[in-house]
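Tertiary structure, described
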Amino acid sequence: MTWELAASTLGAPYDTMDELARTFRNTGVKQIEVAVGDEMKFTMASTDDELKAMRDELADKAGVSIFGVDSRVQVCNTDREDDELVESLEHCLHMASVLGAKYVRVFPTAPLEPSWDPDRLPGMVLPKGMNLAGVSKRGAEIIARALPTADKLGVQPLIETHDSHTNGERNAIIHYYLDKIAPGNQAGSIWDLAHPWRVGEAPATTFEYLKPYLVNGRGVVQIKDCAFPGDQTPVLQGTGRVPLAECCKLLKDGGYTGPLSLEWERRWYPQVEPLEEALVAARKAIEALPAESQL
């Protein structure tokens, strides 16, 4: 069985709802994650009625359901107040509930060094007396405060392998503290396949750290491709060097059965191909995987 291909709306930030629906209908995508931002269709200011209308339009015109809300909440950002972060996360959990989504993505985003190589694990500029453990614990505490709302709504926060916690090892540190604060919590992870790989963490190592937070419906896998680790410019799936087959074999053998969601970052790289073309390439790349890497 071939992996299900899903998609993020980040790949078509300025398309109309009609255009989005046509793209998903033409490419056979049935599950999507919606990117939230002031410049996006789904915003923190969207009313429940507006969210329901967009949800229903995508369902009616393309048979699409929304599984995730990609927030920009930064749980390890020491420049933001705790209460503000908790309030923002709870608001996104509510948005997910209205949209019928199961997950809300959060970023770690502890303050980074002003200049760092994109193919190296970034250093951080933390307040005096705070280290990696401390800033990770603080992120866990932010998520823990929102868990009662998450549990009430049936929505799970997901910590993405991103920015300050780009690899599986650092991502798992937040979970380590979260599991201590809230034993039995269902918060999970998003394994963005490109990010840990580009900073030098082997896929097998990433999956070892993240497996408990991915399998059994706990998390999500995002796919993307790039030409080499130091260049994050998206290229069509299968034309770059991110080891999709290796990652998919790890996922299959480890029990992950969710979708592979293409996060085509056209919002940040407007020169790249349209989302529909990227989805066609992604489906071909998935279908071309060897049998041992298929679901």
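To keep things clear, this report deals only with the structure shown in the data block. (Residues numbered from 1 in each chain as written. Predicted model: local features only at pLDDT ≥ 70, side-chain atom pairs only at ≥ 80, totals over all residues. Heavy atoms only, no water.)

**Here we look at the packing of aromatic side chains**
What describes a pair of aromatic rings is the distance from one ring centre to the other and the angle between the planes of the rings. Rules: Any pair of Phe, Tyr and Trp rings, taking the six-membered ring for Trp, is counted once the centres come within 6.5 Å. Such a pair is stacked with planes under 30 degrees apart, edge-to-face with planes over 60 apart, and tilted for the rest. Counting from the N terminus, the helices are the DSSP runs of H or I reaching at least four residues and the strands are the DSSP runs of E reaching at least two. Remark: exposure states derive from per-residue accessible area (1.4 Å probe, protein chains only) relative to the maximum for the residue type, with buried under 20%, exposed over 50%, and partly exposed in between.
For the structure shown, the criterion picks out three aromatic pairs. Where Trp-3 meets Tyr-256, the ring centres are 6.0 Å apart and the plane angle is 25 degrees; that geometry is what we call stacked. Taken together, the residues Trp-3 in the segment before strand E1 (5–8) and Tyr-256 in the loop between helix H8 (244–254) and strand E8 (260–262) connect sequence positions 253 residues apart. Here Trp-3 falls in the buried class, since its relative accessible area comes to 2%.

**A word on the packing of helix H1 (residues 17–27) against helix H9 (residues 275–287)**
Operational definition: Lines fitted to C-alpha atoms define the axes here, with helix axes fitted over just the stretch in contact, and angles between the N-to-C directions of these axes take values from 0 to 180 degrees. Relative orientations are named as follows: roughly parallel for angles under 35 degrees, roughly antiparallel for angles over 145 degrees, roughly perpendicular for angles from 65 to 115 degrees, and oblique for any other angle. Each helix crossing is assigned a hand: it is left-handed if the near helix lies turned anticlockwise from the far helix by less than a right angle, otherwise right-handed if that turn is clockwise. The contact definition used throughout considers only heavy atoms, calling two residues in contact when any of these lie within 4.5 Å. For this classification, Asp, Glu, Lys and Arg are treated as charged, while Ala, Val, Leu, Ile, Met, Phe, Trp, Tyr, Cys and Pro are nonpolar and the rest, including Gly, are polar.
At their nearest, the axes of H1 and H9 sit 10 Å apart, and the two run at 20 degrees to each other. The angle between the axes of H1 and H9 places the two elements in the roughly parallel class. Viewed along their axes, H1 and H9 form a crossing whose handedness is right-handed. From H1, Thr-23, Phe-24, Asn-26 and Thr-27 reach across to H9, where they touch Leu-275, Glu-276, Leu-279, Val-280 and Arg-283. Tallied by class, the residues present in the contact of H1 with H9 amount to four nonpolar, three polar and two charged.

**Some points on H8**
Applied cut-off: Throughout, the arc means that of the directions going from the helix axis to the C-beta atoms.
What H8 keeps buried is the set Leu-244, Cys-247, Cys-248, Leu-251 and Gly-254. Viewed end-on, H8 has its buried residues packed into an arc of 135 degrees, placing them on one side of the element. Elements that come into contact with the buried residues of H8 comprise strand E6 (188–192), helix H7 (203–210), strand E7 (220–223), E8 and H9. Two residues or fewer after H8 comes Gly-255, characterised by a positive phi angle close to 100 degrees.

**So, the side chain of Glu-265**
Note the cut-off: Contacts described as polar in this section are N or O atom pairs within 3.5 Å, which, within protein, must combine one atom able to donate a hydrogen with one able to accept it, while residues neighboring in sequence count only if both atoms come from side chains.
By the secondary structure assignment, Glu-265 is in the loop between E8 and H9. Among the polar contacts made by the side chain of Glu-265, one reaches the side chain of Lys-224 at a distance of 3.0 Å. In this view, Glu-265 contacts Leu-10, Lys-224, Gln-232 and Pro-234; residues no more than four positions away in its chain are not counted.

**Here's the deal with the sheet that holds E6**
Backbone hydrogen bonds hold the strands of a sheet together, and the pairing may be parallel or antiparallel. Here is the rule we go by: At least two bridges found by DSSP between two strands is the condition for calling them paired.
The strand order around the closed barrel formed by eight strands is E1-E2-E3-E4-E5-E6-E7-E8, and the pairing between neighbours is parallel. Neighbour-to-neighbour, the strand axes of this sheet turn through a mean angle of 30 degrees, independent of strand direction. Across two bridges, E1 lies against strand E2 (residues 31–35) in parallel orientation. Residue Ser-8 lies in a different strand from E2, and its bridge partner there is Glu-33. Where H9 meets the sheet, its contacts fall on E1, E7 and E8, and the angle it forms with E1 comes to roughly 150 degrees.

**So, the packing of helix H5 (residues 168–181) against H7**
It is at 8 Å that the axes of H5 and H7 come closest, and there the two elements cross at 5 degrees. Relative to H7, the element H5 lies roughly parallel. On H7, the residues that touch Gly-168, Glu-169, Asn-171 and Ala-172 of H5 are Thr-206, Tyr-209 and Leu-210.

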